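# Working through the structure, step by step
This is what each chain is made of:
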Protein chains: 2
Amino acid sequence: MASSGVWAGKIPLQTAYELEDVDGSGATQRSELERIGYLGETPASHKHNPLAAHFELHIEQGPVLESGARKIGVVHGVQAYKWFVVEVIGRACHTGTTPFSNRADALLAASRMIAESHAIATRHGGLASTGVLTIPTSSFNVVPGKVTFSLDIRSPKDEIVSSMEQEIRSAFQAIASGTGALLKDSTPGMPCEVKISTFTDSPAVNFHQDCIECIDAAAEGAFGSEALSRVQKQMTSGAGHDSAYTSYVCPTAMIFVPCRDGISHNPREYTTPADCAGGAQVLMGSVLRYDRLRAERNV
Amino acid sequence: MASSGVWAGKIPLQTAYELEDVDGSGATQRSELERIGYLGETPASHKHNPLAAHFELHIEQGPVLESGARKIGVVHGVQAYKWFVVEVIGRACHTGTTPFSNRADALLAASRMIAESHAIATRHGGLASTGVLTIPTSSFNVVPGKVTFSLDIRSPKDEIVSSMEQEIRSAFQAIASGTGALLKDSTPGMPCEVKISTFTDSPAVNFHQDCIECIDAAAEGAFGSEALSRVQKQMTSGAGHDSAYTSYVCPTAMIFVPCRDGISHNPREYTTPADCAGGAQVLMGSVLRYDRLRAERNV
């Protein structure tokens, strides 16, 4: 998404150029563009190269369309998300010689926080996920003195992400201090310290109503009497996309097609040829309809 | 403890000789004994070199004596412990595009298991600890598909370790299948698989009543009228010690002295000179009393 970010003026060109390869080779986005002969002279800028509108066709990367036997998703926006790094600091001690009441068990506290963040997200109809958890020094017979984990919270609505964050921050403090939820039936221990730092803050993106209506109409045109059972209206994208950036500077919306088991960014990623064709058909219909709209409005 | 294990006939000599340095240098216990000139000709065997009794003085390695302002602990045995490796297998998926109901979140399940093992140990008055947790491939925006963690459970009584193990195994299965405890207020997901393998099984050790009585009497002799407030009777060692091995072949018991903050195996380990002297005094008194006992019994 770095390129669309530059085009939309949301990421400085130099920042994108200097992005380094994760393999540690020192190669940058710029050096690789040069190497493959793609560093052209046309400015990557919506001011120099404007678009009248942007329609993006993508696999869903999730299970919703497939599980509902839908063929097209009309995407109204990209959900908001925030990423945090949570550090829990307790005190390392021997697993055999230290009574529960004398422990400040950083991993036990982190475990409760992860379970609690899931419960809070459930109440809000949002998402909360931890993908990374590390214990700097770990051993079978040492109660961890420090644990660091990631927290990813999402919702189509900014205000829900904000409410979830508030609740999670106060629940994590309570768990760390030993007064929080999930402590029923457990021995209270000594307090841990918790530090929560924000790593990424990506507000919700709402796509353009004109584009959404064009996709709706194109999908109805493509599926006819089956549209009601084959088209999933009002979807929100869970992942980020180029459309999130283009939507800041031109009317934008997205079309989803199903993918097997919701799997993406993986060799097992798969969408049937028929579903790809259905998506392309709706994409073409959407562009033609939007073009007619522009002509009528004489834009 | 390898040497006392050989002496007691519980570890084959060859196994102890071949133990390799954890630094990966290839040095073995035998090569290091040769290098420092300690590979003598006297057999390390209780048959060739019997002891009439074994008294061991040690720092507590825990906070009980210090927090109670006690100076001596009379150790009645070493608690039982079992170590397990727990593998939770779910399905990796995108944190943004996958609804909770479609997830098999291995880390969420592992977190609930860790919290639940603590609750189960609390109910039994035992210990449960996780020191190691690894996620083979982890990323901020990927729900972990696999998590492996250690579980260390302990109690002075073998039957309590056994009951805890049974309860933990069934609770972990229930959590993995999505029907277990701690699921209140959470969205049920798809089932994970859990595999629990036993890594170490160390039964409880009970020290010899004669030795314990000698330590009791020696502590009372050393502390006089203060013995009631200075001597902690009926302690159980949380960690393993040489005495666990010697107790299989001769009357054995242990004496604990306090250590600062319960810290051991660490440069911060500290016991005051006065407490060391108190421990040595009780050790001498115990040996003299036991010797007199042997003489009286004409053993």
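Quick look at the structure, then. (Residues numbered from 1 in each chain as written. Chains lettered and ligands numbered in written order. Predicted model: local features only at pLDDT ≥ 70, side-chain atom pairs only at ≥ 80, totals over all residues. Heavy atoms only, no water.)

### Points about the overall build of chain A
- Looking only at helices and strands, chain A has 10 helices and 12 strands in total.
- For chain A, the C-alpha atoms occupy an extent of roughly 75 × 50 × 35 Å along the three principal directions.
- Looking at chain A as a whole, 48% of its 299 residues are labelled buried.
- Here the analysis covers contacts within chain A between residues at least 6 apart in sequence; of these, 78% occur between residues at least 24 apart.
- Looking at chain A as shown, the accessible area adds up to about 14300 Å², and 51% of this sits on carbon and sulfur atoms. (Helix = DSSP H or I, 4+ residues; strand = E, 2+ residues; numbered from the N terminus. Buried < 20%, exposed > 50% of the residue type's maximum accessible area, 1.4 Å probe, protein only. Contact = heavy atoms within 4.5 Å. Areas by Shrake-Rupley, 256 points an atom, 1.4 Å probe, with all protein chains shown as cover.)

### A few points about the packing of helix H5 (residues 106–124) of chain A against helix H6 (residues 158–177) of chain A
Residues and elements named next belong to chain A.
- With their axes 9 Å apart at the nearest point, H5 and H6 run at an angle of 150° to one another. Taken together, the axis directions place H5 and H6 in an arrangement best described as roughly antiparallel. Here H5 runs over H6; the crossing is right-handed. On H6, the residues touching Ala-109, Arg-112, Met-113, Glu-116, Ser-117, Ile-120, Ala-121, Arg-123 and His-124 of H5 are Ile-160, Ser-163, Met-164, Glu-167, Ile-168, Ala-171, Phe-172, Ile-175 and Ala-176.
- Considering only residue class, the contact of H5 with H6 consists of 11 nonpolar, 3 polar and 4 charged. (Axes fitted to C-alpha atoms, helices over the stretch in contact; angles between N-to-C directions. Parallel < 35°, antiparallel > 145°, perpendicular 65-115°, else oblique. Left-handed = near helix turned anticlockwise from the far one by under 90°. Nonpolar A, V, L, I, M, F, W, Y, C, P; charged D, E, K, R; others polar.)

### A look at the packing of aromatic side chains
- Under the defined criterion, the tally for this structure stands at 10 aromatic pairs over all chains.
- Arranged with centres 5.2 Å apart and planes meeting at 45°, the rings of Trp83(A) and Phe140(B) form a pair that is tilted. Of this pair, Trp83(A) sits in strand E3 (residues 80–89) while Phe140(B) sits in the loop between strand E6 (133–134) and strand E7 (142–143), placing the two residues on different chains. Of the two residues, Trp83(A) and Phe140(B), neither departs from the other in class, the shared state being buried.
- Here the aromatic rings of Phe55(B) and Tyr290(B) are separated by 5.9 Å at their centres, their planes lie at 70°, and the arrangement is edge-to-face. Residue Phe55(B) is located in strand E1 (residues 54–59), and its partner Tyr290(B) is located in helix H10 (residues 273–297); the two are separated by 235 residues in the primary sequence.
- Assessed through its relative accessible area of 9%, Tyr290(B) is described here as buried.
- Pairwise contacts between aromatic rings join Tyr81(A), Trp83(A), Phe199(A) and Phe140(B) into one cluster. (Phe/Tyr/Trp six-rings, centres within 6.5 Å; stacked < 30°, edge-to-face > 60°.)

### A closer look at the pattern of salt bridges
- Scanning the entire structure with this criterion turns up 28 salt bridges over all chains.
- For the salt bridge of Glu87(B) with Lys195(B), the shortest nitrogen-to-oxygen distance reads 3.9 Å. Separated by 108 residues along the polypeptide, Glu87(B) in strand E3 (residues 80–89) and Lys195(B) in strand E9 (residues 193–202) bring together distant segments of the chain.
- Glu87(B) gets classed as partly exposed once you look at its relative accessible area, which sits at 21%.
- Here Glu226(B) ties to Arg230(B) by a salt bridge, and the two come within 3.5 Å at their closest N and O atoms.
- We classify Glu226(B) as partly exposed; its relative accessible area is 41%.
- Classification of Arg230(B) as partly exposed rests on a relative accessible area of 26%.
- In this structure, a network of salt bridges that share partners links the residues Lys82(A), Glu165(A), Arg169(A) and Asp201(A). (Salt bridge = Lys/Arg side-chain N within 4 Å of Asp/Glu carboxyl O.)

### Re the interface of chain B and chain A
- Counting residues at the interface gives 57 residues for chain B and 57 residues for chain A.
- Summing the contributions of chain B and of chain A, the shared interface buries around 4600 Å²; its carbon and sulfur component is 65%.
- At the level of elements, E3, helix H5 (106–124), strand E5 (127–129), E7 and strand E8 (146–155) of chain B are the ones that each hand at least two residues to the side of chain B that touches chain A.
- Here the element with the most residues in the side of chain B that touches chain A is H5(B); it accounts for 11 residues.
- Among the residues making up the side of chain B that touches chain A, the classes are represented as 25 nonpolar, 23 polar and 9 charged. (Buried area = accessible area lost by both parts, 1.4 Å probe.)

### Some details on the side chain of Ser111(B)
- In this structure, Ser111(B) sits in helix H5.
- Residue classification places Ser111(B) among the buried positions, given a relative accessible area of 2%.
- Those residues in contact with Ser111(B) that sit more than four places away from it in its chain are Ser111(A) and Ile114(A).

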